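Chains, contacts and geometry: an overview
This is what each chain is made of:
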Amino acid sequence: MTFNFRSYFKSHHPQTLASLKSILNSLFTLLSKFNPMAANQNSVHPSDDPPPFDPSEPSIPVSYPLKTLEELESRSYFDSFHFPFNKASVKLPPYAANELPKRRRLLVCHDMAGGYLDDKWIQGGNNPDAYAIWHWYLIDVFVYFSHSLVTLPPPCWINTAHKHGVKVLGTFILEWDEGKRIANKLLSSKNSAQMYAERLSELAAALGFDGWLVNMEVSLDVGQIPNLKEFVSHLTQSMHSLVPGSLVIWYDSVTIDGKLSWQDQLNEKNKPFFDISDGIFVNYTWRENYPKLSAEVAVDRKFDVYMGIDVFGRNTCGGGQWTTNLALDVIKRDNVSAAIFAPGWVYETKQLPDFQTAQNRWWALVEKSWDISQNYPQILPFYSNFDQGHGYQFTVDGKQMSQTPWNNISSQSFQPFLRFSGESTGGNLKVAVDIKEPSYNGGGNLTFNGTLEGDFQFSARLFEGKLLLADLPVHFTYSVKSNGSSLLGLSLEFTSAAAEQKSVLLASSGDSLLTMSRFVRHFDNVIMPHRVTKLESESSWVIQESSISMEGYTLTKIHAVCYKLRPEVHKSESQGKTMALSPSEYHAVLGHLAINSLTLNSDFPPSTSWLVEGNFTKLSSSNSNGSRKLNVKLDWKLKGGKTHPFPKYNIYVKKQPDLLIAESNGSLQLVHEYLGVAVLEAYYVSDLVVPSGTSSVTFIIQVCSLDGSLQKLEESPSLDLDVQGS
């Protein structure tokens, strides 16, 4: 976790990079013997610092770190135009908001090419291949890391991690000579140590994340250690006070005698910092018996010991990369926790055949060693459209609203627990999230492609939950489109308080008698959909709804079931007239899944219940073709200070022509142009082209419910803005 030499030389001295390559390689080889966090930087692409800008001036919302103690002390960040946009909109669910479970855990430290890349654009970007993580069900704690003094996690990471029950930490880091100078000021007195700790806690609470990784990667005078301990202790206490369930994790760096000496284990030289924090992130160059030794030192806090693993593989146990799981096996054996550093290795090194496949393969190795950390659904309503936060189009209820490539990790919905086993799974079916085929909602689908062998039915794990059902019926709604006779249902597994197991099939629409006769032996109950809706469009989506009552039971597993009612047969030439089952082509797409204990089609507040404003409006002068560009910040809220549970809003614009132009065009149909998605009650419209002859623009804020339902555009809150003047 040290200075990024490669980025420095490329941005400041490009003519010297080639000649210094061998020197740098030698230097990083030497550094790796002491600190793989530093060595990792030799393999990353140069990070792009946010362009120079005045944070007080309106501009496209962006996330950025703090680079000086002065910025931290002055609270200037809170005066930034960008501060409100950087607040996370998703809180941890109640079951994940308290202390971490008393078991071994998995911490993931992101460190993707220095941080603040595509993910810094709060309202999203246009790179459909942007880096993201979607295996959240394997993770307990996520750390956003960069080499800036105060790394503030972009809200997109907080939002999607929190949705999946994962805590998020920022990073406070001191390194190299500049870090030493900062340390002298930070630790100049007990009061200064406490003050800066309180500033960090205040930032985390205001932005909605869950604590800090503290990396004091500098040597100190032994006389500064008492104030360092005060800083760590006060940060831990103030975080716990402001954000119950929060964490402060100490990185194995400077020791209690002030030396910068990575111990690779928990021992007497770093345990004093462990004792006043919530855990330790142990450096990566540990030996095979170090997890066991660390557990012995930690005693009853062994799960707070996170043994580091460098995915880039520099002197790390097991070698990292495609054998990262070997280190996980050792850690699991000794029953302590693990800290994976830089899983973006898969992305940065362009592992074959493509990022999507390589990412799924790599995380499958993690799951095989470590098992699942999160369970969902646990609360209702539950909704997933399998969106990974990037795509090549954007769809709303089966209607394509945009064909512009995009990325926005905040748009991730609950991610399925898909098993990866190469190109195909049992029954010669391949299951994958598809971001290229038009979706039902958002930018992703689950596709099932391949062949079914004879009378074979194929099952694919979707979710593993802990959803306790009450006395009300639970409604399942899902969208499917398929080819020919391909059918897709849902298999549900329930467990009673007495550990009694029951299985239920929510079958696809079709021949009820044939369905029952085929599956009655395999499931305790088979339920046919009580409503089937075919969309009036060319998208071929079919919406199926089923209900079930299982009071007192816990829903533990949801699988997709792929089948055909009438297996195809052929004559076996070698056996004359003997009939044999033959493989048949199968293709189906699952667009979304919604689970609710109430009827769907949520009641939305009428548009008159909302107050919508346009602020910081700026309209450019006309150019040669008469068009102009509009910048405006949209703000909306329910009147009377009412609160609401709405997770996001789709933003559209209609451009109204002048009266004379409208009359000359007869019955002119105005188009709703999709602009993007907002997860807060604000959206910044930047450089919107206003064509010549446009008198006004209407911005429409489409309210989206937790169960996936959407308010009709004509009933949504809106804002009319006069643009006739220059």
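If you're wondering where the values come from, they're calculated on a predicted model, not measured in any experiment. Throughout this document, residue positions are counted from 1 along each chain, in the order its sequence is written. In keeping with the predicted nature of the model, local features appear solely for residues at pLDDT of at least 70, side-chain atom pairs appear and are counted solely at 80 or more, and the whole-chain, interface and lining totals rest on all residues. Excluded from the side-chain calculation are hydrogens and water; included are all heavy atoms of the structure.

**Quick look at the overall build of the chain**
- In this text, helices come from DSSP runs of H or I with a minimum length of four residues, and strands from runs of E with a minimum of two, each type numbered from the N-terminal end. Along the backbone of the chain there are 15 helices and 34 strands.
- Working rule for contacts: check all heavy atoms of both residues, and any pair within 4.5 Å makes them a contact. In the chain, of all internal contacts separated by at least 6 residues, the share reaching a separation of at least 24 is 75%.
- Entry remark: accessible area of the chain is about 30100 Å², with carbon and sulfur atoms responsible for 51%. Using the Shrake-Rupley algorithm and a 1.4 Å probe, accessible areas are obtained, with residue cover drawn only from the displayed protein chains.

**Points about the packing of aromatic side chains**
- Aromatic contacts are taken between Phe, Tyr and Trp rings whose centres are within 6.5 Å, Trp giving its six-membered ring; a plane angle under 30 degrees counts as stacked, one over 60 as edge-to-face, and the others as tilted. According to the stated counting rule, one finds 43 aromatic pairs in the structure shown.
- With centroids separated by 5.4 Å and ring planes inclined at 75 degrees, the aromatic side chains of Tyr251 and Phe281 adopt a geometry described as edge-to-face. Pair noted here: Tyr251 is in strand 6 (residues 247-251) and Phe281 is in strand 7 (residues 279-282), with a separation of 30 residues, a long-range link. Phe281 matches Tyr251 in its accessibility class, with the two residues each being buried.
- One aromatic cluster is present, formed by Tyr131, Trp134, Trp136, Phe142, Trp157, Tyr347 and Phe355 through successive ring pairs.
- Here, over-ring charges are defined by two tests on the NZ atom of lysine or the CZ atom of arginine: distance to the ring centre within 6 Å, and angle to the ring normal within 35 degrees. Sitting above the plane of the Trp370 ring, Arg104 keeps its charged end 4.5 Å from the centroid.
- Sitting above the plane of the Phe274 ring, Arg301 keeps its charged end 4.0 Å from the centroid. Partly exposed residues are those whose accessible area sits between 20% and 50% of the maximum for their type, while under 20% is buried and over 50% is exposed, using a 1.4 Å probe and protein chains only.

**What to know about the pattern of salt bridges**
- We define a salt bridge as a contact between a side-chain nitrogen of Lys or Arg and a carboxyl oxygen of Asp or Glu at a distance within 4 Å. Taken as a whole and judged by the stated rule, the model has 17 salt bridges.
- Between Asp275 and Lys271 there is a salt bridge whose closest N-O contact spans 2.9 Å. With Asp275 and Lys271 both in helix 9 (residues 271-275), this residue pair falls 4 residues apart, about one helical turn.
- What makes Asp275 partly exposed here is its relative accessible area of 42%.
- In this structure Lys271 comes out as partly exposed when scored by relative accessible area, which is 24%.
- Note that Arg333 is salt-bridged to Asp334, the shortest N-O span being 3.4 Å.
- Judged by relative accessible area, which is 15%, Asp334 ranks as buried.
- Among the ionic contacts, a cluster of salt bridges with common partners joins Arg105, Arg301 and Asp304.

**Some thoughts on helix 13 (residues 355-370)**
- Here, expected helix span is obtained from the residue count minus one, scaled by 1.5 Å. The terminal C-alpha atoms of helix 13, which comprises 16 residues, lie 22 Å apart, in line with the 22 Å expected from a rise of 1.5 Å per residue.
- For helix 13, the set of buried residues is Phe355, Gln356, Thr357, Ala358, Gln359, Trp362, Trp363, Val366, Glu367, Ser369 and Trp370.
- If you check the start of helix 13, you find a side-chain oxygen 3.2 Å away from the backbone N of Gln356, and it comes from Asp354.
- Within two residues after helix 13, Asp371 carries a phi angle of roughly 80 degrees, on the positive side. N or O atoms within 3.5 Å of each other form a polar contact, as long as, within protein, one can give a hydrogen and the other can take it, and as long as residues adjacent in sequence are counted only when both atoms are side-chain atoms.

**Looking at empty space enclosed by the protein**
- Both cavities and pockets are sets of points on a 1 Å grid over the protein atoms alone; in a cavity a 1.4 Å probe fits but cannot get out, in a pocket the set is open with protein on both sides within 12 Å along at least five of seven lines, and lining residues sit with an atom within 4 Å of a point. Grid points are joined across faces, edges and corners, and a volume is the space filled by probe spheres set on the points. In total, this model carries 2 cavities of 30 Å³ or more according to the counting rule given.
- Considering only enclosed or pocket space, the largest cavity measures out at about 90 Å³ in volume.
- Phe85, Ile122, Gln123, Asn408, Ser410, Val677, Ala678, Val679, Leu680, Ala682 and Tyr683 are the residues that line the largest cavity.
- Among the secondary structure elements, those contributing two or more residues to the lining of the largest cavity are strand 31 (673-678) and strand 32 (682-690).
- Class assignment of the residues belonging to the lining of the largest cavity gives a composition of 8 nonpolar, 3 polar and no charged.
- When its volume is computed, the second largest cavity comes out at roughly 30 Å³.
- Contributing elements (two or more residues each) for the lining of the second largest cavity: helix 4 (69-74) and helix 7 (190-207). Each residue is assigned to one class: nonpolar for Ala, Val, Leu, Ile, Met, Phe, Trp, Tyr, Cys and Pro, charged for Asp, Glu, Lys and Arg, and polar for all the others, Gly among them.

**Here's the deal with the nonpolar core**
- Definition of nonpolar core: a set of buried residues of the types Ala, Val, Leu, Ile, Met, Phe, Trp, Tyr and Cys, connected through side-chain atoms within 4.5 Å. Residues Trp212, Leu228, Phe231 and Phe448 are the most contacted members of the largest nonpolar core, which totals 155 residues.
- A total of 8 residues in this core trace back to one element, the largest contributor, which is helix 7.
- Those residues in contact with Phe448 that sit more than four places away from it in its chain are Lys430, Val431, Phe458, Ala460, Leu488, Ala560, Cys562, Tyr586, His587, Ala588 and Leu590.

**Considering the pairing of strand 9 (residues 337-341)**
- Within strand 9, 5 of the 5 residues are buried, which leaves the element mostly enclosed by the surrounding structure.
- Both faces of strand 9 are covered, namely the face carrying Ser337, Ala339 and Phe341 and the face carrying Ala338 and Ile340.
- Two elements, strand 1 (residues 106-109) and strand 9, share 4 bridges in a ladder whose sense is parallel. If you follow Leu107 over to strand 9, its bridge partner there is Ala339. In this scheme, strands are said to pair when DSSP sees at least two bridges between them.

**Re the sheet that holds strand 29 (residues 628-638)**
- Spatial strand order, 28-29-32: 3 strands in an open sheet with antiparallel pairing. Of all the strands in the sheet, just strand 28 (610-619) and strand 32 have a single pairing partner and so form its edges. Across the sheet, the mean angle separating the axes of adjacent strands is 25 degrees when strand polarity is ignored.
- When strand 29 meets strand 32, the two strands line up antiparallel, connected through 7 bridges. What sits directly across from Leu634, in strand 32, is Tyr683. Working convention: axes come from line fits to C-alpha atoms, limited for helices to the stretch in contact. Angles between N-to-C directions cover 0 to 180 degrees.

**A closer look at the sheet that holds strand 34 (residues 718-722)**
- Pairing within the open sheet is antiparallel, and its 4 strands lie in the order 31-30-33-34. Here the strands that pair on one side only, and so sit at the sheet edges, are strand 31 and strand 34. Adjacent strand axes in the sheet meet at a mean angle of 20 degrees, parallel and antiparallel pairs treated alike.
- Two strands pair when backbone bridges link them, and strand 33 (residues 694-704) and strand 34 are joined in this way by 5 bridges, in the antiparallel orientation. Among the inter-strand pairings, Ser696 is bridged to a residue of strand 34, identified as Asp722.

**Focus: unusual backbone geometry**
- Following Tyr376, the chain continues to Pro377 via a peptide bond in cis, the omega torsion being 10 degrees.
- Residue placement: Pro377 occurs in the loop between helix 13 and strand 10 (382-384).
- Here the residue pair Leu380 and Pro381 is connected by a cis peptide bond, since its omega of 0 degrees sits within 30 degrees of zero.
- Along the polypeptide, Pro381 turns up in the loop between helix 13 and strand 10.

**So, helix 11 (residues 324-333)**
- Buried within helix 11 we find Thr324, Asn325, Ala327, Leu328, Val330 and Ile331.
- Packing partners of the buried residues in helix 11 comprise strand 1, helix 10 (290-298), strand 8 (305-310), strand 9 and helix 13.

**Describing the packing of helix 7 against helix 8 (residues 225-242)**
- Packing of helix 7 against helix 8 brings their axes to within 8 Å, and their N-to-C directions diverge by 30 degrees. The angle between the axes of helix 7 and helix 8 places the two elements in the roughly parallel class. As helix 7 packs across helix 8, the resulting crossing turns out to be right-handed. Facing Lys190, Ala193, Gln194, Tyr196, Ala197, Glu198, Leu200, Ser201, Glu202, Ala204 and Ala205 of helix 7, the residues of helix 8 in contact are Asn227, Glu230, Phe231, His234, Leu235, Ser238, Met239 and Leu242.
- Counted by class, the contact of helix 7 with helix 8 contains 10 nonpolar, 5 polar and 4 charged residues. To sort the angles, those under 35 degrees are grouped as roughly parallel, those over 145 as roughly antiparallel, those from 65 to 115 as roughly perpendicular, and the leftovers as oblique. Crossing handedness is read from the near helix: turned anticlockwise from the far helix by less than a right angle, it gives a left-handed crossing, and turned clockwise, a right-handed one.

**Quick look at the confidence of the model for the chain**
- The predictor reports its confidence for every residue as pLDDT, a score running from 0 up to 100. Overall, the prediction assigns the chain a mean pLDDT of 89, with 87% of residues at 70 or greater.
- Averaged pLDDT values for the elements of the chain fall to 32 in helix 1 (residues 5-12) and rise to 99 in strand 6.
- A low-confidence stretch, residues 1-47 (pLDDT under 50), is modelled with 96 contacts involving residues beyond four sequence positions or located in other chains.

**What about the side chain of Thr171?**
- By the element assignment, Thr171 lies in strand 4 (residues 167-175).
- Looking at Thr171, its side chain comes within polar contact range of the main-chain oxygen of Tyr144, at 2.8 Å.
- When residues no more than four places from it in sequence are discounted, the contact partners of Thr171 are Val143, Tyr144, Phe145, Leu149, Val150, Thr151, Trp212 and Leu213.

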